[in-house]
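# Results of the structural survey
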Amino acid sequence: MNKAYQDVENAGGVLAVIQLDGVSFGYDPEHPILHNISVSIPQGQWVSIVGPNGCGKSTLVKLMNALLPKSGGEITICGHQLGEETIGAIRQCIGMVFQNPDNQFIGATVEEDILFGLEGLCLPYAEMEERLRTYTLKLGIEDLLAKHPGELSGGQKQRVAIASILAMKPGIVIFDEASSMLDEASRDELLRILQGMRSDGQYTILMITHDADEILASDRVLALHGGGLAADTTPQALFRNAELLEKCHLLEPYPWRLARELQSRGIRVDVPASEKELIDTLWPYN
Amino acid sequence: MAIQLEQVSFTYAEKSLWKQTALHDITLGIPKGLLTGIAGATGSGKSTLLQLFNGILKPTQGTVKVLDVTIRAGEKSPKLLPLRRRVGLVFQFPEQQMFEDTVEKDLIFGPLNFGMSPEEAKERARKAMLEMGLDLALLSRNPFRLSGGQMRKAAIASVLAMDPEIVVLDEPTATLDPVSRAELIAQLERLCREQGRTVIIVTHRMDELLPVADRWILLKDGKIAFQGSGGELAADPDILTRCGLGVPHSLRYWHAIAGQFGLAGERPRLTAESLAELIASLPGTVRSGNTAGMGDAHE
Amino acid sequence: MNERLLLGRSIETGSWVHKLDARSKLTGMLLYVAVILLSDSWLSMVLLAVFSITIMASTRIPLKYFIKAAKPLRYLMLFIFIVQLLSVKEGDVLWSAGSFSLHEGGLRLAAFSVIRMLFLITFTALLTFTTTPGKLNQGLEGILAPFKKLGLSPDRITLMISIALRFIPTILDESQIIMKAQASRGADLQELPLKEKARMLVSLLVPVISSAFRRAQDLVYSMEARGFRMDAPRSRYHRLRWGAADTVFVAMFIIMGVAVALL
């Protein structure tokens, strides 16, 4: 931990593990892909990043660990200011799960894939063995160690990717549309994994997503539009803001929509948590 | 019936040590002019099933009847080229079929292969663009420069340009944002309702297709787990769970309310609008449901 | 589906061959090639056969898997057999019709060529059947390590091989889907005249290549995000361990080579 980071902690301030100040990206200064983005994310927060395709969501997160080079502004991750000599340290702080389960499977088997990152950290054998066991158990893939990617479903491959990344013990985990190629059952599973990570308390989660359930489960929403930050809000406020939803190409979750449709017909209900709750509210005497 | 399968099985790499049966003893019928949804968990055989519909794969057992063409296992199949024009198969990712440097060239590729004249093909291309609700100005653009949703629609248009009677789509909305997904589904419904084409859509997101599909086929482990109308499916949503699929909110709410009021036989109301309308018309609905104890925003 | 059939598919049975150091298996393989080239009599062929089949059997992998591995090359082997049989005019005449004749020497050389090829292929299959790609790579890296002094980077070579092994099946799978997509639009490679085929091949290559580049880009992101840097130091989970069994294994090949050379 470096000094600046410790100072904040000692001062009792809220620890911003991700700090962006006026960050821009673009090869052509006249038409930047991202323009002047400033945001501060405290430790332990779960943040959804939303916006229409092509608005720069994926670019933004790739700037944070220098997979893409920023063209302006300052980025500070876990107290390290992003620069040539801090890239290594920053990449250790950030783990990333990408969209396509196939293209991020580096090893020939599940075991090799998890070991790829650990070997890069130069960990001793016992430590690798311990982490391999811990994180395969955590993700429920302990029986798949010898499997090839071709023998796994998309959901299983994403779990392997998550295990590979968590085993490297990053403080920040970024999910770049990690659920968009999964089927419904695997998406539910991913959501449960994320909820487990949140209750763990040690992870700051950034998630690029279009999925209403995933957004609702998060603490905060950053909406990007046209290369800029269009809104910094909560999931509840996002789903009540029709204009913002439209701008971000999102749809509200079904229960929200149903409540809205009922309200427009003069039936005053809140968003129901379940179908049973709705029935109990509408017909309490039946 | 547009497509009929009788006791069809399909085995990959039948003669090898690693042979794998993807479909077991499938008997099904897909009626003409309707919109049919096919769903199933990963590995349930959905994609294999689709490829039987235009003869890309041939059954290892049983009989496949598509329009007036019959393909029997073990027999030499008739010439399939004419069938492939009449059954348009759209694969999941547009990147896998677009290859020309303009959208127009990509769209006339199919029609030219099926022997249309260049003028005729271009006319078909323009028609197909309009059918998919795309601007004709896009014809001169590079397909790889289109937005995700546009590219998806252009890929579908490249199949529509062959003027198929049956359009089969594999996960057409995967990786699109929710608004683009809804737009695309609406466009596909129009193909069925307004143009009278038989539309078959494979999906693992049933929520978006539920309000528009006339019929459903559910697969589990290469076998048919359900086939019937949307209403029949709505009467027993648990079947989805058994197939490893989630039960969409719309179906859950309809099922609960239909159960409460004995509406099981009616046409299911699977959109928020139609269900709200129904609720408003039901007797005894409490108009001010803001009861104490109900939190403002639930997760 | 292809992914199951192709390259680098190891079959775990836990036999002693599976447990060997990949370096000894690679060394054994090189020696085996020498043995094959030295074998030039019926007796050495028999010896070779007994030796090879014994080792294959000791892996506890069914023999039919090895035979399957050679199957794709059966026509090539037949072709080589016929060419050698017809072209070599040495030794006793076995059969003749007019100016046409088959000689004992031709039959012998033809048979030897095919037997050599058969054993070479099935025995290479043994290497991939009993060794996971990762271990194989590590073994290769170990064997190439001395070349570091010559400016060669074993890590790079093995990384290249492992990525290729990992992605070739994926890309073949994808090519098949693309081919099906084009066939669905009336461009069936099998049903077209030759001159059209060339045009269709282009229509196939564009999406295959563009998708391979996309995959490559994704893979680079994924590797860099996991902290990968070329030539940076790495620790190893599976360490290469040269045991007594490895020495015995390699010695067997040396003895075999000497025996064949003396015959």
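Residue positions are counted from 1 within each chain, in the order its sequence is given. Each chain gets a letter, beginning with A, and each ligand a number, beginning with 1, in the order they are written. Predicted model: local features are reported for residues with pLDDT of at least 70 only, side-chain atom pairs are reported and counted for 80 or more only, and whole-chain, interface and lining totals are derived from all residues. Excluded from the side-chain calculations are hydrogens and water; all other atoms, namely the structure's heavy atoms, are used.

## Focus: the interface of chain A and chain C
Note the following rule: The contact definition used throughout considers only heavy atoms, calling two residues in contact when any of these lie within 4.5 Å. The term buried area means the drop in 1.4 Å probe accessible area that two parts suffer when joined, counted for both and summed. A side-chain nitrogen of Lys or Arg and a carboxyl oxygen of Asp or Glu constitute a salt bridge if their distance falls within 4 Å. Contacts described as polar in this section are N or O atom pairs within 3.5 Å, which, within protein, must combine one atom able to donate a hydrogen with one able to accept it, while residues neighboring in sequence count only if both atoms come from side chains. Starting at the N terminus, helices and strands are each numbered in turn, a helix being any DSSP run of H or I of at least four residues and a strand any DSSP run of E of at least two. Residues are grouped as follows: Ala, Val, Leu, Ile, Met, Phe, Trp, Tyr, Cys and Pro are nonpolar; Asp, Glu, Lys and Arg are charged; every other residue, Gly included, is polar.
Between chain A and chain C, the contact holds 37 residues from the first and 29 residues from the second. Summed over both sides, the interface of chain A with chain C buries roughly 3000 Å², with 55% coming from carbon and sulfur. Ranking the residues of chain A by area buried against chain C places N103, F116 and E119 of chain A at the top, with a combined share of 21%. The tally of links from chain A across to chain C stands at five salt bridges. For the salt bridge of R91 of chain A with E224 of chain C, the shortest nitrogen-to-oxygen distance reads 3.8 Å. For the pair chain A and chain C, the interface holds 13 residue pairs in polar contact (both at pLDDT 80 or more). Secondary-structure elements contributing two or more residues to the side of chain A that touches chain C are strand 6 (94-97), helix 4 (110-120) and helix 5 (125-138) of chain A. Residues of the side of chain A that touches chain C, tallied by class, amount to 18 nonpolar, ten polar and nine charged.

## Section: the interface of chain B and chain A
Each side of the interface is counted separately: chain B has 48 residues, and chain A has 46 residues. Surface buried jointly by chain B and chain A totals about 4400 Å² across both partners, of which 57% is contributed by carbon and sulfur atoms. On inspection of chain B and its partner chain A, the count reaches three salt bridges. Taking the shortest distance from any N to any O, the salt bridge between R205 of chain B and D211 of chain A comes out at 3.7 Å.

## Here we look at the sheet that holds strand 10 (residues 223-229) of chain B
Hydrogen bonds between backbone groups are what pair the strands of a sheet, and the pairing can be parallel or antiparallel. Residues and elements named next belong to chain B. Cut-off, in case you're wondering: Two strands pair if DSSP finds at least two bridges between them. What counts as an axis is a line fitted to C-alpha atoms, over the stretch in contact for a helix, and the angles between N-to-C directions run from 0 to 180 degrees.
A sheet is described by the order of its strands in space; here six strands give the open sequence 6-7-8-3-9-10, paired in mixed fashion. Edge strands, defined here as strands with exactly one partner in the open sheet, are strand 6 (87-90) and strand 10. This sheet shows a mean twist of 15° between the axes of neighbouring strands, independent of strand direction. Where strand 6 meets strand 7 (residues 166-170), four bridges bridge the pair, whose relative direction is parallel. Its bridge partner being in strand 7, V90 is matched across the sheet by L169.

## Digging into the UniProt feature "transmembrane region" (unreviewed entry) in chain C
Residues and elements named next belong to chain C. Inclusion rule: UniProt positions are given in the numbering used here, feature names are shortened, and annotations may be inferred rather than shown by experiment.
Following the UniProt record, the feature "transmembrane region" (unreviewed entry) maps to residues 29-51, 72-89, 109-129 and 240-262 here. What you have in residues 109-129 is 100% helix and 0% strand, and the ends, taken at the C-alpha atoms, are 30 Å apart. Taken end to end, residues 240-262 is 83% helix and 0% strand, and its first and last C-alpha atoms sit 34 Å apart.

## A word on the nonpolar core
Applicable threshold: Throughout, nonpolar core names a set of buried Ala, Val, Leu, Ile, Met, Phe, Trp, Tyr and Cys residues whose side chains join them through atoms within 4.5 Å. Burial here depends on accessible area, computed with a 1.4 Å probe over protein chains only, as a share of the maximum for the residue type. Under 20% is buried, over 50% is exposed, and the range in between is partly exposed.
Grouped together as the largest cluster of nonpolar side chains are 90 residues, with contacts concentrated most on W216 and L218 of chain B. The leading source of residues in this core is helix 5 (residues 148-160) of chain B, at seven residues. Discounting residues that sit within four places of it in the chain, W216 of chain B has contacts with G37, I38, A39, T203, M206, L209, L210, F226, Q227, G228, G230 and L233 of chain B. Counting residues in hydrophobic clusters, the runner-up holds 37 residues, among them I141, L190 and L191 of chain A together with Y237 of chain C.

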